Structures are given as C-alpha cells and as structure tokens.
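Tertiary structure, described
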Amino acid sequence: MPARRRRGGDHARPGGAAGTVSLSLDKLRLLRKQAGDPKAVAPAAPEVPPAPPVAANDARQPPAERSVFAWVEQEIRHKPTGAAAPAPAPAPATLRRPEVGSLHRLLGLRSRAGTAPVRASAQDRQLPGEEIAPGLSLIESLQPQPIPTGALSLAFARREGEQVDPRDFLFFDTETTGLAGGTGTRAFMIGAADWHVCPQRGEGLRIRQLLISTMAAEDAMLATFAGWLQPSTVFCSYNGRSYDAPLLKTRYRLARQRDPITALDHVDLLYPTRRRYRGSWENCKLSTIERQLLRVVREDDLPGSEAPGAWLRFLRGGDAVNLRRVADHNHQDVVTLALLLQRLVREEQRERETLALVGQ
C-alpha cells in the first residue's frame, strides 16, 4: 500500500517528536530561496493575523493555503524556542533584629556592660551617715533627755532583786535580709542606743547605727559593734533573744570573729509586755505598743518587712530613698525600746506600791 503523502508537500514537519523549532529566520529565508518561494526576498510580516480556531487535535497543523515556510516562520516568531524561565523566587522576609535591652528586661537580666546607661531612679544613691570603712557607714545622733537617776529594777521581768545602772543598758535592733533566719540571712544594719553624756551636747540618748552597702563590709560592721560592748553591758531588745541575738552570733561565727554576745546579759521586753498587756489591743507588736501605750505616731514609716527589698534594690544599682527610710525606722525602734523599758519599770513599781498600801 503506497504511503500516505503528508499534507503541504514532502517536507517533514520541523521539530520531530520533541516539538521544538530550532531553525532561525536566516536559515528559513535561505530554504525559501532554494525552493523558489517568491516571498524569500522580502522579510516576513512582523505580525500575522490570528488563524481561525480549529480543533484541539489540529491546532498545530499549518493551513492548506499557506506554505510550510510561512507556518514555520510563524512558529519561530510566536513560540519561545526554549523552556520558560522559572519565576524568580520571592526574596526571603527580612528578620527583625531583636533589641538586646528588651530581651534583658524580659528575662530579668542586668546588663554587664560598663557603659550601660544609669536609670533615672538610681541617681539618688546618697547614704546617711559617715563612711568609717569601705562600704560601712555610721549614723550617729543624740536625743537630749535626762538620764534616769538610780538603778533600774528588773522586777518587771521577774528578776527579783536585780538592778541595772541605766548607762549599762544597750538597746539594739537589727535590719536583716530576711525574717526566716538561718545562715543565709545577714544583718545589713545594726542600731543601738544608750544613755550617754556628750561633752559638747550634754546628756541624752545616743543612737548609733551601722549600715553596710557591700557584702564585704560585714566583717567591719561586726567588729565595730563588738567594740561598743563592755563586760557590764546589758542588752535590751524586743524579741531579740529569739531572733536578733542568735542571728548576730551566727554571723560572728561565720566571720571567724569572737562572739561578744553570749557572755552578756539580755533583757527581752517582749515577754513582760505580753504578760501585762495581752488582750488590751489587737496584738503586741512593737508598733502597736508604741502607738497605744507610748502614744508614739510614726510618719512615713517603712514597714520592717520592706527593709530587705530596700537594701537589695540599692545593691543592684537602685536608689537609696527607701534605704534611708529603713534607717529612720530602725532609729525609732531603739528609741521606743528605751521608752518602753522606763514605762515597764514605772508600772511595776506603781503596782508594788499599791499592793503595799492595800496590805497595810
């Protein structure tokens, strides 16, 4: 059976099975000239009107009235000879660089850079008193008042027959880093008051306070406080026998210094105050006793529970505003102890005199 002739002449369809056209326009014109095509001399029209729609299976067949060369030229002009270029990949989104300062604040970290800006609230770092050693300040004042005449009886503390010279009393109170005690708790302030005669200002209640602003100054504070004690010193505190004295004893042992507290007498005013005034007011806290019994009203007082936070804030670079308020609170505490001791002595003496009159 004779082979079926291909429509449009004996020329094979360019491109083969791959369907790609590799002939250039120059080669096409040369082929036209060799085949005797009259349009070989003039260039092909730049634009070819669109062909009428055909069936999908005949879309690539050249029209019958046009030569194969015109069809190839149209294919070359209107069809890309290579694979379509891939679309450019979108540029990756730029990541926002995190601010280091914001991350530090989020994590609660402090910047270790030496050039870190100082917070506005940390400008006021003026500590009260005078620095007597690196990191140790001494706050000293004298409250003029007459020194009690004669020895003070300890009968109110159920210590019959015992009397103490007023100048031997040392009223003391500490401000610590916590209220739980233990070896991890330390005193950052020691306040002490005693009756003293000053050559320049006369007699009165002398208040001395030691404040450390660095951890390393604790040894100097303990040594200075020990220098204030004499063999005849009698401690006077409010719950100091159970808290302040044991705490200081522990700090002396950890600092490898001699313990000067154990050998001295100690009068704790908490227990006789409870026995006498329990049930009179809501509690027997020192602040309640001084307000209800001694009529002492504090202004702008910082509660003792906030003292640890004030000191730690200063150590971390904060201001000293609340630390000065801690010093004022401690100052009033030791003054109140002196007032309370005298009040308990007078109340006990008045009751005994009343009982003596009734017995007669």
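Small disclaimer: the values here were computed from a predicted structure and weren't measured.

Regarding the packing of helix 4 (residues 218-227) against helix 5 (residues 244-254)
Between helix 4 and helix 5, whose axes approach to 10 Å, the crossing angle comes to 120°. Put simply, helix 4 runs oblique to helix 5. For helix 4 against helix 5, the interelement crossing comes out left-handed. On the side of helix 4, the interface is formed by Glu-218, Leu-222, Phe-225 and Ala-226, while helix 5 contributes Leu-248, Arg-251 and Tyr-252.

Things to note about the side chain of Asp-333
Here Asp-333 lies in helix 9 (residues 321-359). Since its relative accessible area comes to 8%, Asp-333 is described here as buried. Among residues more than four places away in sequence, those in contact with Asp-333 are Asp-173, Glu-175, Leu-286 and Arg-298.

Concerning unusual backbone geometry
At Asn-239, a residue that is not glycine, the phi angle is positive and equals roughly 70°. Along the chain, Asn-239 turns up in the loop between strand 8 (234-237) and helix 5. Looking at Asn-239, the relative accessible area reads 30%, which means it is partly exposed. The phi dihedral of Arg-295 is positive, around 60°, even though this residue is not glycine.

A few points about the pattern of salt bridges
Taken as a whole and judged by the stated rule, the model has 18 salt bridges. We note a salt bridge from Arg-298 to Asp-301, for which the minimum N-O separation is 3.3 Å. Taking the relative accessible area as the measure of exposure, Asp-301 reaches 30% and is therefore partly exposed. One salt bridge in this structure joins Glu-347 and Arg-343, with 3.1 Å as the shortest N-O distance. Of the two residues, Glu-347 and Arg-343 are both situated in helix 9; the distance of four residues between them amounts to about one turn of the helix. Classification of Glu-347 by relative accessible area gives buried; the value is 12%. Residues joined in a network through salt bridges with shared partners are Glu-160, Arg-276, Glu-348, Glu-351 and Arg-352.

Section: the environment of Leu-142
The residue Leu-142 is located in strand 2 (residues 136-144) in this model. A relative accessible area of 11% means that Leu-142 is categorised as buried. For Leu-142, the residues in contact, after removing those within four places along its chain, are His-196, Cys-198, Arg-201, Gly-202, Gly-204, Leu-205 and Arg-206.

As for the sheet that holds strand 5 (residues 169-176)
Strand order in the open sheet formed by seven strands is 1-2-7-6-5-8-9, with mixed pairing between adjacent strands. Since the sheet does not close on itself, it has two edges, and those belong to strand 1 (130-133) and strand 9 (265-268), each with one partner. Within this sheet the neighbouring strands show an average axis-to-axis angle of 30°, counted without direction. The sheet contact formed by strand 2 and strand 7 (residues 202-212) spans nine bridges and is antiparallel. Among the inter-strand pairings, Leu-136 is bridged to a residue of strand 7, identified as Ile-212. Helix 8 (residues 307-315) contacts strand 5, strand 6 (187-198) and strand 7 of the sheet and is inclined by roughly 105° relative to strand 6. Along the sheet, helix 9 makes contact with strand 2, strand 5, strand 6, strand 7 and strand 8, crossing strand 5 at roughly 150°.

A few points about the nonpolar core
With 39 residues, the main nonpolar core has Phe-188, Phe-225, Phe-235 and Leu-248 as its most contacted residues. Contributions of two or more residues to this core are made by strand 2, strand 5, strand 6, strand 7, helix 4, helix 5, helix 8 and helix 9. Among the elements that make up this core, the one with the highest residue count is strand 6 (five residues). When sequence neighbours within four positions are dropped, the list of residues in contact with Phe-235 reads Leu-170, Phe-172, Phe-225, Leu-229, Ile-261, Leu-264, Asp-265, His-266 and Val-267. Judged by nonpolar contacts, the second largest core, of 33 residues, contains Leu-154, Ile-207, Cys-236 and Tyr-238.

Regarding the packing of aromatic side chains
Summed over all chains, the structure comprises six aromatic pairs. Cluster of aromatic residues (ring-pair linked, three or more members): Phe-169, Phe-171 and Trp-195. One residue, Arg-125, lies across the ring of Phe-314, its end atom 4.0 Å from the ring centre. Positioned over the ring face of Trp-228 is Arg-208, at 4.2 Å from the centre of the ring.

Reading the values: the criteria
Residues numbered from 1 in each chain as written. Predicted model: local features only at pLDDT ≥ 70, side-chain atom pairs only at ≥ 80, totals over all residues. Heavy atoms only, no water. Axes fitted to C-alpha atoms, helices over the stretch in contact; angles between N-to-C directions. Helix = DSSP H or I, 4+ residues; strand = E, 2+ residues; numbered from the N terminus. Parallel < 35°, antiparallel > 145°, perpendicular 65-115°, else oblique. Left-handed = near helix turned anticlockwise from the far one by under 90°. Contact = heavy atoms within 4.5 Å. Buried < 20%, exposed > 50% of the residue type's maximum accessible area, 1.4 Å probe, protein only. Salt bridge = Lys/Arg side-chain N within 4 Å of Asp/Glu carboxyl O. Pairing = 2+ DSSP bridges. Core = buried A, V, L, I, M, F, W, Y, C linked by side-chain atoms within 4.5 Å. Phe/Tyr/Trp six-rings, centres within 6.5 Å; stacked < 30°, edge-to-face > 60°. Lys NZ or Arg CZ within 6 Å of the ring centre and 35° of its normal.

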